Amino acid sequence: MDASGGPGGARVVGLPATEIAARVRSGELSAVAVVRAHLAHLADVEPRIGAFRVVRAEAALAEAAAVDAAPDRSSLPLAGVPVAVKDNIAVTGETPTGGSPACPAAPASEDHPVVSRVRAAGAVVLGITRMPELGLYAATDAPGAVSRNPWDTARSPAGSSGGSAAAVAAGVVPLALGNDGMGSLRLPAAACGLVTLKPGRGVVPTLPDDWSGMVENGVLATTVADLALATSLLAGERPGPPAAPAGPLRIAVATAPLVPGVPTDGPARAAVEAVAAELRSAGHTVVRRRLVVPPGAAGGTLARWLAGADSGADALGVDRAALQPRSRAHARIGRLVRRAGLVRPRTAERFRRRMTAFFSDVDLLLTPVTTGPPLPARPWHERSFTSNVWANARWAPWTPPWNLAGLPALVLPAGTRAEGHPLAVHIAGPPGSETRLLWLAGELERRQPWRRHAPVFDPAGAPSPASV
């Protein structure tokens, strides 16, 4: 694999997006050379991780040539940066299938706004990444295709933005677009040792079918600077470093089980405690709280997830008879939920008020992300709907409440388990706290730097500069 991207064999694969863009803007690297190097790395690692449904080699090289020729190249924030796009976000000329072969072949006639915004900033779309059917599950697989976690290929990269996370963790791209309706950005970030932010409601353009307000688009990255830059672009804002708060923050910590009988394991709790200790060391105040999700809110979240299968199938125009059995059952129950009027706006509004009030005397909330290591990489689509729901619910109870509330939430790496799987923590905040979350994530990154890529797939063949 040739990871060089310019004169003198300068290594480019594995660099952060901000550094790639700076070198392309200056003329030290060409966008074509950057993309060619990443395509070579993709060809090397893709057989082992199964991250992509479509690789746009010729189209990406043509897009890169256009960046090199652009009169404003020297001002493009993502000049020449290769990105991957999840299979439910429209890219001109590609068919967004939502992970379902039952979707009719209807290429998109225009980019989704989040794609058009990163392209306008100079990014190049390298390919379309895999996801579970209709984005419903916490593992990424399909008939004949099981996506694998670069940190341990026996494990899943999670879902539903699993292909996007695997691509970033393996160094194939420095940034990947995905979305989050029940944790679908945050769970893959946690599983693959990445940083991500689920924006609050209304900050970033969402999907045509957003599960009654629960789905938000976002980015998976290896550095906070990359995440902050890309998030600002998706939001249509002028890029810049997150502004620091006026003073030390007051941060709540909660680790008690959200779901009775579904405890978080020791390593995940220890990761939260280690981050809490680091926050105290940095001068912030840490207080203990219990996070409670009322039964009505839990039911409202479940109703939207079930109904999302039905509305998603409608939006994609899929042949329901050709859906996977688990998805067919999911969509059938979802239709009953919709007809019964169980998706009630007031449920989300009430819970949003409750969670906003939670932050009346604290700035942010630190919790676990998952209850244990990632799910095994296996053909989950061959298992029943009940088996999938049970596995998902036991592994990932911490992320869905923030989708119902429409509040921002961030995940960042926090070490590794004894067996080598990444550990992560989850930090949520009140409406409008995206900048505060990104600033705090940057402070923790400086104090506790993490390995940016999975060890076996590290493009440099050695620990990344920011690794520990």
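Now for a look at the structure at hand. Note that the coordinates shown come from a computational prediction; the quantities given were computed from them, not determined experimentally.

Take the overall build of the protein next. Of the regular secondary structure elements, the protein holds 14 helices and 13 strands. For 468 residues, the compact-globule formula gives about 23 Å, and the C-alpha radius of gyration of the protein, at 21 Å, lands near that figure. When its C-alpha atoms are laid out on the principal axes, the protein stretches across 60 × 55 × 40 Å. Across the 468 residues of the protein, 61% fall into the buried class. The contacts in the protein between residues at least 6 apart in sequence include a share of 76% that link residues at least 24 apart. Element-wise, carbon and sulfur atoms account for 55% of the exposed surface of the protein, whose accessible area totals about 16,500 Å². Taken together, the 47 basic and 37 acidic charged side chains of the protein have centroids lying 8 Å from each other.

Next up on the list: the side chain of Glu-216. One can find Glu-216 in strand E8 (residues 216-221). Buried charge without a salt bridge: Glu-216, with Arg-201 as the nearest opposite-charge side chain at an N-O distance of 4.8 Å. Beyond its immediate chain neighbours, meaning those up to four positions away, Glu-216 contacts Gly-178, Asn-179, Asp-180, Leu-185, Lys-198, Pro-199, Gly-200, Arg-201, Gly-202, Val-204 and Thr-206.

Let us now look at the pairing of strand E3 (residues 124-129). Counting buried positions over the six residues of E3 gives six, a clear majority of the element. Where strand E1 (residues 52-55) meets E3, three bridges bridge the pair, whose relative direction is antiparallel. Among the inter-strand pairings, Val-54 is bridged to a residue of E3, identified as Ile-128. In the sheet, strand E2 (residues 82-86) pairs with E3 via five bridges, with the strands oriented parallel. Across the sheet, residue Pro-82 finds its bridge partner in E3, namely Val-124. Following the backbone out of E2, through helix H4 (residues 113-120) and into the adjacent parallel E3, one traces a crossover that is right-handed.

The next point concerns the pattern of salt bridges. Opposite charge on two side chains makes pairing possible when the charged atoms of those side chains draw close. This structure, assessed with the given rule, holds 23 salt bridges. In this structure, the salt-bridge partner of Glu-63 is Arg-56, at a minimum N-O distance of 2.9 Å. Residue class for Arg-56 comes out buried when judged on its relative accessible area of 7%. Three or more residues joined by partner-sharing salt bridges are found here, namely Arg-56, Glu-63, Glu-94, Asp-111 and Arg-119.

Quick notes on the rules
Residues numbered from 1 in each chain as written. Predicted model: local features only at pLDDT ≥ 70, side-chain atom pairs only at ≥ 80, totals over all residues. Heavy atoms only, no water. Helix = DSSP H or I, 4+ residues; strand = E, 2+ residues; numbered from the N terminus. Rg over C-alpha atoms; globule rule 2.2 N^0.38 Å. Buried < 20%, exposed > 50% of the residue type's maximum accessible area, 1.4 Å probe, protein only. Contact = heavy atoms within 4.5 Å. Areas by Shrake-Rupley, 256 points an atom, 1.4 Å probe, with all protein chains shown as cover. Lys, Arg positive; Asp, Glu negative; His and termini not counted. Charge placed at Lys NZ, Arg CZ, Asp CG, Glu CD. Salt bridge = Lys/Arg side-chain N within 4 Å of Asp/Glu carboxyl O. Pairing = 2+ DSSP bridges. Right-handed = clockwise from strand over helix to strand, strands pointing away.

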